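Commentary on secondary and tertiary structure
The residues making up each chain are set out below.
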Amino acid sequence: MDVHWNQGSEDCVKNPQSPIQVHQYNAQTFILRESLCATYEAPFIYLLIGKTKALLIDTGAVADAKTMPLAQTVISLLPKGGSRLPLMVVHTHGHLDHRSGDDQFRALPDVEIVPTDLESVKNRLGVADWPNGTGLVDLGDRVIDVIPTPGHYSSHVTYYDRQTGLFFSGDFLLPGRLLIEDTDADLASARRVAEFVEQHPITYVLGGHIELDESGKTFFGTRHHPNERPLQLTKQDLLALPGIVEGFNGFYAKRGVYVLMNQNRILILLGAGAVILLVAIILTLRAFWRRLRPRAVAK
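All figures in this text were calculated on a predicted structure; none of them were measured in a lab.

**Regarding helix α5 (residues 235-245)**
Each α-helix winds once per 3.6 residues, and so residues spaced three or four apart point in a common direction. Among all positions in α5, only Leu238, Leu241, Pro242, Ile244 and Val245 are buried. Along the axis of α5, the buried residues cluster in a sector spanning 165 degrees; they form a single face. Contacts from the buried residues of α5 go to β10 (166-170), β11 (177-179), α4 (183-198), β12 (204-207), β13 (252-255) and β14 (258-261). The first or second residue beyond α5 is glycine 247, which carries a positive phi of 85 degrees.

Here is the structure:
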């Protein structure tokens, strides 16, 4: 993981960036990141290659293959010689910044795209007991465990690679904002994950985005990430997650370097505040107008 990720640019027109950065973790594992100049989300995408199948985790935030040649890049990374390995496309969850590239793969032969609805995730990834059970994907001498982690999204899952010890956490845990839609579900997921990782070696925890700089400042909505902190988190970070989520008030909280937010509730609160402010302004103007009218009539 000794890699410097592209930090984007303050002016992407004057200083254009390559659309995808590819880091080869080992001979069968690739980490891809979509450029900040292509999308401020700059999501990470993971390609795991086994002997009989390859697995792609997420397809990023950009649909257009001309500006973001994701499928072309992924296919070029698969082993050469003989017939191409079948490719299974899965997701950590269904938000658009993690599945917008799906259409680039639909017309390709020997590619299966698993939809992000709960029933498809349960059935195709073998999670019969949702959310308390686990599923698995066998890539041929490389088994990937599938762990349900709803909370950020109702069908969110994380993946554990037994071969490398890598834990792919999506938006469930990342260096930045932890966006929580269902606090109870997220806390239960954090506790299940802690139980799982206690029994497994974890090399690195790799999330869906980087949103922090080295000083702990949060990046949001910007295409330039100077002094960005590393992507990887640790096993201890996963073990500490239940304590971070416990006591979350359901709106906003700061826990160490993490910002916990329920975006939907915050937006509703902001909307209600805007309506109240607008009503107050209207009533104030109305009262002011009524005070002026008698003077105007008297004149």
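**Brief notes about the sheet that holds β11**
Read across the sheet, three strands follow the order β11-β14-β13 without closing on themselves; strand pairing throughout is mixed. Either end of the sheet is taken by a strand with one partner, and the two such strands are β11 and β13. With strand direction ignored, the average angle separating the axes of adjacent strands in the sheet is 20 degrees. Bridge count for β13 against β14 is four bridges, and the pairing is antiparallel. What sits directly across from alanine 253, in β14, is leucine 260. Across the sheet, α5 touches β11, β13 and β14, and the angle it forms with β14 is around 45 degrees.

**A look at empty space enclosed by the protein**
This structure, assessed with the given rule, holds three cavities of 30 Å³ or more. Taken as a whole, the largest cavity encloses approximately 80 Å³ of empty space. Lining the largest cavity are Tyr40, Glu41, Arg177, Ile210, Glu211, Phe219, Phe220, Gly221, Thr222 and His225. Space inside the second largest cavity adds up to approximately 60 Å³. Lining the second largest cavity, in full, are Val90, His91, Thr92, His93, Val114, Pro115, Thr116, Val121, Leu125, Ser155, Val157 and Tyr159. Across the lining of the second largest cavity, the residue classes tally to seven nonpolar, five polar and no charged.

Parameters and conventions
Residues numbered from 1 in each chain as written. Predicted model: local features only at pLDDT ≥ 70, side-chain atom pairs only at ≥ 80, totals over all residues. Heavy atoms only, no water. Buried < 20%, exposed > 50% of the residue type's maximum accessible area, 1.4 Å probe, protein only. Helix = DSSP H or I, 4+ residues; strand = E, 2+ residues; numbered from the N terminus. Arc of directions from axis to C-beta. Contact = heavy atoms within 4.5 Å. Pairing = 2+ DSSP bridges. Axes fitted to C-alpha atoms, helices over the stretch in contact; angles between N-to-C directions. 1 Å grid on protein atoms, 1.4 Å probe; cavity = no way out; pocket = protein on both sides within 12 Å on 5 of 7 lines; lining within 4 Å. Points joined across faces, edges and corners; volume = space filled by probe spheres on them. Nonpolar A, V, L, I, M, F, W, Y, C, P; charged D, E, K, R; others polar.

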